[in-house]
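Here's the letter readout for the chains.
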Amino acid sequence: MSGHNKWSTIKNKKAKTDAAKGKIFTKIGREIVIAVKTGGSADPALNSKLKDVIAKAKAANMPNDNIQRSIKKAAGEGESANYKEVTYEGYAPCGVAVIVEMVTDNLNRTASEVRHIFDKCGGSLGASGCVSWKFERKGVIVIDNSKGMDEDELTMLALDAGADDVEYNEDSAVIYTDPNDFSQVRDNLENAGCTFLSAERAMLPTSTTALPDEESVQKVTRLLDWLEEYDDTENVYHDAELPEDEEEDD
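All residue numbers refer to positions counted from 1 along the written sequence of the respective chain. A pLDDT threshold of at least 70 governs which residues receive local features in this predicted model, and a stricter bar of 80 or more applies before side-chain atom pairs are shown or counted, although totals over entire chains, interfaces and linings include all residues. The side-chain quantities take in all heavy atoms of the structure and omit both hydrogens and water.

So, the side chain of Asp52
At step 1: Note on conventions: DSSP H or I runs of at least 4 residues are helices, E runs of at least 2 residues are strands, and numbering of each starts at the N terminus. Looking at the element boundaries, Asp52 is found in helix H4 (residues 48-59).
At step 2: Each residue is assigned to one of three classes by its accessible area relative to the maximum for its type, calculated with a 1.4 Å probe on protein chains only: buried under 20%, partly exposed between the two thresholds, exposed over 50%. On the basis of relative accessibility, which here comes to 8%, the residue Asp52 falls in the buried class.
At step 3: In this view, Asp52 contacts Phe182, Ser183, Arg186 and Arg201; residues no more than four positions away in its chain are not counted. Should any heavy atoms of two residues lie within 4.5 Å, those residues are counted as being in contact.

Describing the sheet that holds strand S6 (residues 172-177)
At step 1: Taken in spatial order, the 4 strands line up as S5-S6-S4-S7 in an open sheet, and their pairing is antiparallel. Each edge of the open sheet is held by one strand with a lone partner, namely strand S5 (165-168) and strand S7 (196-205). Adjacent strand axes in the sheet meet at a mean angle of 25° when their direction is disregarded.
At step 2: A pair of strands is considered paired only if DSSP assigns at least 2 bridges between the two. Strand direction decides the pairing type here: strand S4 (residues 135-144) and S7, joined by 9 bridges, are antiparallel. From the neighbouring strand, Ile141 faces S7, where its bridge partner is Ala199.
At step 3: Structural elements are reduced to axes, namely lines fitted to C-alpha atoms, with helices fitted over the stretch in contact, and the angle between N-to-C directions of any two is expressed from 0 to 180 degrees. Across the sheet, helix H7 (residues 151-160) touches S4, S5 and S6, and the angle it forms with S5 is around 150°.

Re the packing of H4 against helix H8 (residues 182-191)
At step 1: The interhelical angle for the contact between H4 and H8, taken along N-to-C directions, is 45°, at an axis separation of 11 Å. Relative to H8, H4 is oriented oblique. Of the two elements, H4 crosses H8, and the hand of that crossing is left-handed. Mapping the contact onto sequence places Lys51, Asp52 and Ala55 in H4 and Phe182, Ser183, Arg186 and Asp187 in H8.
At step 2: For this classification, the nonpolar set comprises Ala, Val, Leu, Ile, Met, Phe, Trp, Tyr, Cys and Pro, the charged set comprises Asp, Glu, Lys and Arg, and every other residue, Gly included, is treated as polar. Tallied by class, residues from the contact of H4 with H8 come to 2 nonpolar, 1 polar and 4 charged. Oblique is the label for every angle not falling under 35 degrees (roughly parallel), over 145 degrees (roughly antiparallel), or within 65 to 115 degrees (roughly perpendicular). Crossing handedness follows the turn of the near helix against the far one: under a right angle anticlockwise gives a left-handed crossing, and clockwise gives a right-handed one.

Considering unusual backbone geometry
At step 1: Not every positive phi belongs to a glycine, and Asn61 is a case in point at roughly 60°.
At step 2: Owing to a relative accessible area of 60%, Asn61 belongs among the exposed residues under this scheme.
At step 3: A positive phi angle, close to 70°, is found at Cys94, a residue other than glycine.
At step 4: With respect to the helices and strands, Cys94 occurs in the loop between strand S1 (84-91) and strand S2 (97-104).
At step 5: Judged by relative accessible area, Cys94 falls into the partly exposed class, the value being 40%.

Details of the nonpolar core
At step 1: The nonpolar core is taken to be a set of buried Ala, Val, Leu, Ile, Met, Phe, Trp, Tyr and Cys residues, with the residues joined through side-chain atoms within 4.5 Å. Ranked by size, the top nonpolar core spans 22 residues in total, and within it Val98, Phe118 and Leu227 carry the most contacts.
At step 2: If you list the elements that add at least two residues to this core, you get S1, S2, helix H6 (107-120) and helix H9 (214-229).
At step 3: The greatest single-element share of this core, amounting to 5 residues, is contributed by H9.
At step 4: When sequence neighbours within four positions are dropped, the list of residues in contact with Val98 reads Tyr88, Glu89, Gly90, Ala92, Phe118, Val131, Leu224, Leu227, Val236, Tyr237 and His238.
At step 5: Of all hydrophobic cores here, the second largest spans 17 residues; its members include Ile143, Ala158, Leu189 and Ala199.

Given below as structure tokens:
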């Protein structure tokens, strides 16, 4: 059930560029605001999207006070920006497919900035749908396995919880689910005592694009880093085959 680690491929520099906890919490806080407003309730028991974002927040060690503050802000207790979710698609150098998920209170500003980033880095911003067909949405749950639970035992636990696939790293396991089963699988694993390192729905490439040389790696990485560092960015997904040190050096 292991094979090529799809999750490490698309995560690339995310752990680096989000190293400052405050930036992570700001991003998740915006997701909470969106979840409350689109889900119609500030109660996670009645709002599955909010429940998912709270699980993501807890996996990122976001303090409960921050979570509750974001929920109250979205529910009208205090000023809250009019955030909107928007997705951009395009190509990095060497034909690498890129999807950028953003949350913004100014669509015109964000669109202009994203186009500028693609242009400056030798890529091109495309129309909606131009690369999304190369990806599939999956639930992705990364659990701490530093205590070294037996792989067969952990695989059976994940499959019994409803997972589709499991991949193993040195101190963690990546569990993939159908996006519609994500919440239930996460709850089942939580009830089984698993410790989450992250838990979210993500876009995974169905195949990858090889880069011919180090210069190409640097060009693609520059674009991905710039997109990750932009304040409105929530997630960046790509199909590039990056060297292990680029993917894993967190």
